[in-house]
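# Observations on the three-dimensional arrangement
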Amino acid sequence: MTSLPEDPSSLIRDDDRETAVQRLQEAYVEGLISHEELDERLHQVLTAKTRSEVMSPLASLPPENAGTTSTIAAAGGRIRRRGAWRVPRQLKVASAFGRVHLDLSRAVIEHPVVDIELQLGTGRAKITVPRDATVEFEDLHAGWKDTHYKPLRRSPSGGPTIRISGTMGYGRLKIRHARR
């Protein structure tokens, strides 16, 4: 008898595994778990095949103090965040002149809902969200061009909700889902 294939969106990526290992090591250093617990939990993380299996050893740990609000600001130039960066619960992005590119596809998102507030003068903004994310942008006011967003054909499940709000003067916001 053949088993059903795993849902590809639930399979663990190397970045997720590395983040879990780092979190367990930090918990050990902080005295939250014993050496034996560290060994047992590391084994679970390193042999996990799905995201739910890798999250199980982290479930009993207190939430990491990643801060609830962060601000990224620039008067001019480019604001760019990509790769494996930690996304706070609330992110404020302010730029008078220049481009903004936030890539959340490989970011560490620990909150079920992330609020991104844009305060942009001129210049365009591009936000790449994880494939399984839900996007809401009803509280976004654009003075010049409409927001460009094409939702996925099948509704995503299990991912974070990304809520985008704020104001944009001259420029366009383009939101897209990661390809993988």
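Note that the structure is a prediction, hence the values are computed from the model and not measured.

## Quick look at the pairing of strand 4 (residues 90-97)
Every regular strand shows the same layout, with side chains that alternate between the two sheet faces. As paired elements, strand 1 (residues 69-74) and strand 4 share six bridges and run parallel to each other. From the neighbouring strand, Ser-70 faces strand 4, where its bridge partner is Leu-91. Of the strand pairs in this sheet, strand 4 and strand 7 (residues 113-122) are connected by seven bridges, and their pairing is parallel. Residue pairing for strand 7: Val-93 is matched across the bridge by Leu-118.

## Observations regarding a positive patch on the surface
A contiguous patch of positive charge on the surface is contributed by Arg-78, Arg-80, Arg-82, Arg-99, Arg-124, Lys-126, Lys-145, Arg-172, Lys-174 and Arg-179. Within the secondary structure layout, Arg-80 lies in strand 2 (residues 78-81).

## Considering the confidence of the model for the chain
Residues at a pLDDT of 70 or more form 89% of the chain, whose mean pLDDT is 83. Of the regions scoring below 50 in pLDDT, residues 1-9 engages in three contacts with residues more than four places distant in sequence or in other chains.

## Points about the sheet that holds strand 8 (residues 125-129)
Sheet architecture is open: five strands sit in the order 2-5-8-12-10, paired in parallel fashion. Looking along the sheet, the strands with just one partner apiece sit at the ends: strand 2 and strand 10 (148-149). Pairing geometry for strand 10 and strand 12 (residues 173-177), over two bridges, is parallel. If you follow His-148 over to strand 12, its bridge partner there is Lys-174.

## As for helix 2 (residues 35-47)
An ideal rise of 1.5 Å per residue puts 18 Å on 13 residues; helix 2 measures up with 18 Å between its terminal C-alpha atoms. For helix 2, the full list of buried residues reads Leu-38, Arg-41, Leu-42 and Val-45. Seen from one end, helix 2 has its buried residues packed into an arc of 105°, which puts them on one side. Those residues of helix 2 that are exposed and angled more than 90 degrees off the buried face are Glu-36, Glu-40 and His-43.

## Let's talk about the side chain of Asp-115
Relative to the helices and strands, Asp-115 resides in strand 7. In this structure Asp-115 comes out as buried when scored by relative accessible area, which is 18%. For Asp-115, the side chain forms a polar contact with the side chain of Arg-89, separated by 2.7 Å. At 2.6 Å, the side chain of Asp-115 and the side chain of Arg-163 are in polar contact.

## Observations regarding the packing of aromatic side chains
Tallying each qualifying case throughout the model produces one aromatic pair. For the ring pair Phe-137 and Tyr-149, a centre distance of 5.8 Å and an interplane angle of 85° mean the geometry is edge-to-face. With Phe-137 in strand 9 (residues 134-142) and Tyr-149 in strand 10, this residue pair connects regions lying 12 residues apart in the sequence. Given a relative accessible area of 25%, Phe-137 falls into the partly exposed group.

About the thresholds
- Residues numbered from 1 in each chain as written.
- Predicted model: local features only at pLDDT ≥ 70, side-chain atom pairs only at ≥ 80, totals over all residues.
- Heavy atoms only, no water.
- Pairing = 2+ DSSP bridges.
- Helix = DSSP H or I, 4+ residues; strand = E, 2+ residues; numbered from the N terminus.
- Patch = residues over 30% accessible without salt bridge, like charges linked within 9 Å, V, L, I, M, F, W, Y side chains within 5 Å.
- Areas by Shrake-Rupley, 256 points an atom, 1.4 Å probe, with all protein chains shown as cover.
- Salt bridge = Lys/Arg side-chain N within 4 Å of Asp/Glu carboxyl O.
- Lys, Arg positive; Asp, Glu negative; His and termini not counted.
- Charge placed at Lys NZ, Arg CZ, Asp CG, Glu CD.
- pLDDT = per-residue confidence, 0-100.
- Contact = heavy atoms within 4.5 Å.
- Expected span 1.5 Å × (residues − 1).
- Buried < 20%, exposed > 50% of the residue type's maximum accessible area, 1.4 Å probe, protein only.
- Arc of directions from axis to C-beta.
- Polar contact = N/O pair within 3.5 Å; in protein donor to acceptor, adjacent residues only side chain to side chain.
- Phe/Tyr/Trp six-rings, centres within 6.5 Å; stacked < 30°, edge-to-face > 60°.

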